Amino acid sequence: MRKEEKTELTRERILIAAMKEFGENGYAGSSLNSICASGIPKGLLYHNFNSKDALYLACMERSFGRYVEFMGGQDRENDLNKYMDARFRFFRENEQEARLIFEAILQPPQPLRERILSIKAEFEELNRRMYLNVLTQITLREGVSKEEALEYFTFVQTMFNGYFCSPAYDNMLFPEKMKKHEERLRRILDYMIYGIAERRNLK
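Okay, so let's go over this structure. (Residues numbered from 1 in each chain as written. Predicted model: local features only at pLDDT ≥ 70, side-chain atom pairs only at ≥ 80, totals over all residues. Heavy atoms only, no water.)

What about the nonpolar core?
Point 1. Ile-35, Leu-55 and Tyr-67 are the most contacted members of the largest nonpolar core, which has 59 residues in total.
Point 2. Take this core: its biggest share by element is 11 residues, from helix H4 (residues 52-72).
Point 3. The contact partners of Leu-55, leaving out residues within four places of it in the chain, are Ile-14, Leu-15, Ala-18, Phe-22, Leu-32, Ile-35, Leu-45 and Phe-49. (Core = buried A, V, L, I, M, F, W, Y, C linked by side-chain atoms within 4.5 Å. Buried < 20%, exposed > 50% of the residue type's maximum accessible area, 1.4 Å probe, protein only. Helix = DSSP H or I, 4+ residues; strand = E, 2+ residues; numbered from the N terminus. Contact = heavy atoms within 4.5 Å.)

Next up, the structure:
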């Protein structure tokens, strides 16, 4: 086996163990010792990743990369419901990646916040592009520009994610929390685009 292939297999073995550790315990609750307890020599781990942060960020890159790859292969036809269906299917079928992505969205480790913002930029662009595509299919109210609608989308999404960081969700098991997040996000997006009130002509 060539040296490059052996190195790649070693990195893959470490990443598999790290994905499991970070996926189950998050950044704060994980340790390199726990990862090494799965049978990976500490020296080998440090030879490939020089710190917990470097390994965590590599797992983040893998998680978001797999999400973007998955969503790029879906036939969504610029349909919001199809987009949300595909998104939920990825999270349901890839729980370790989903846990890491949700930590990045809801409670990223403060020292790594800027690096994580960069890693999830393509994820955010997918969401933004989907919303923009939906906007092109509807007639905006007079005086509302696409730029303003996109700014509102970003604002509401930030507030919505903040709501899911509240103590009310602290003790909820991840699969249920993820399910509620996606169901309510779908509804919030529908309200944002189509409104909540039926307009009537008042005389």
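With respect to the side chain of Arg-62
Point 1. For Arg-62, the location among the structural elements is in helix H4.
Point 2. When residues no more than four places from it in sequence are discounted, the contact partners of Arg-62 are Glu-12, Leu-15 and Met-19.

Some points on the layout of surface pockets
Point 1. When its volume is computed, the largest pocket comes out at roughly 480 Å³.
Point 2. Considering the residues around the largest pocket, the lining is formed by 17 residues, among which Arg-141, Met-192, Ile-193, Tyr-194 and Gly-195 are closest to the centre.
Point 3. Broken down by secondary-structure element, the contributors of at least two residues to the lining of the largest pocket are helix H8 (121-135), helix H9 (146-163) and helix H10 (174-194).
Point 4. Among the residues forming the lining of the largest pocket, the class breakdown is 12 nonpolar, two polar and three charged.
Point 5. Around the second largest pocket sit 21 residues that line it, and Lys-120, Glu-124, Gln-157, Thr-158 and Asn-161 are the ones nearest its centre. (1 Å grid on protein atoms, 1.4 Å probe; cavity = no way out; pocket = protein on both sides within 12 Å on 5 of 7 lines; lining within 4 Å. Points joined across faces, edges and corners; volume = space filled by probe spheres on them. Nonpolar A, V, L, I, M, F, W, Y, C, P; charged D, E, K, R; others polar.)

Observations regarding the pattern of salt bridges
Point 1. Scanning the entire structure with this criterion turns up 11 salt bridges.
Point 2. For the salt bridge of Lys-179 with Glu-183, the shortest nitrogen-to-oxygen distance reads 2.7 Å. Here Glu-183 and Lys-179 lie together in helix H10, a separation of four residues that amounts to about one turn.
Point 3. On the basis of relative accessibility, which here comes to 34%, the residue Lys-179 falls in the partly exposed class.
Point 4. By sharing partners, the salt bridges in this structure join Glu-125, Arg-128 and Arg-129 into a single network. (Salt bridge = Lys/Arg side-chain N within 4 Å of Asp/Glu carboxyl O.)

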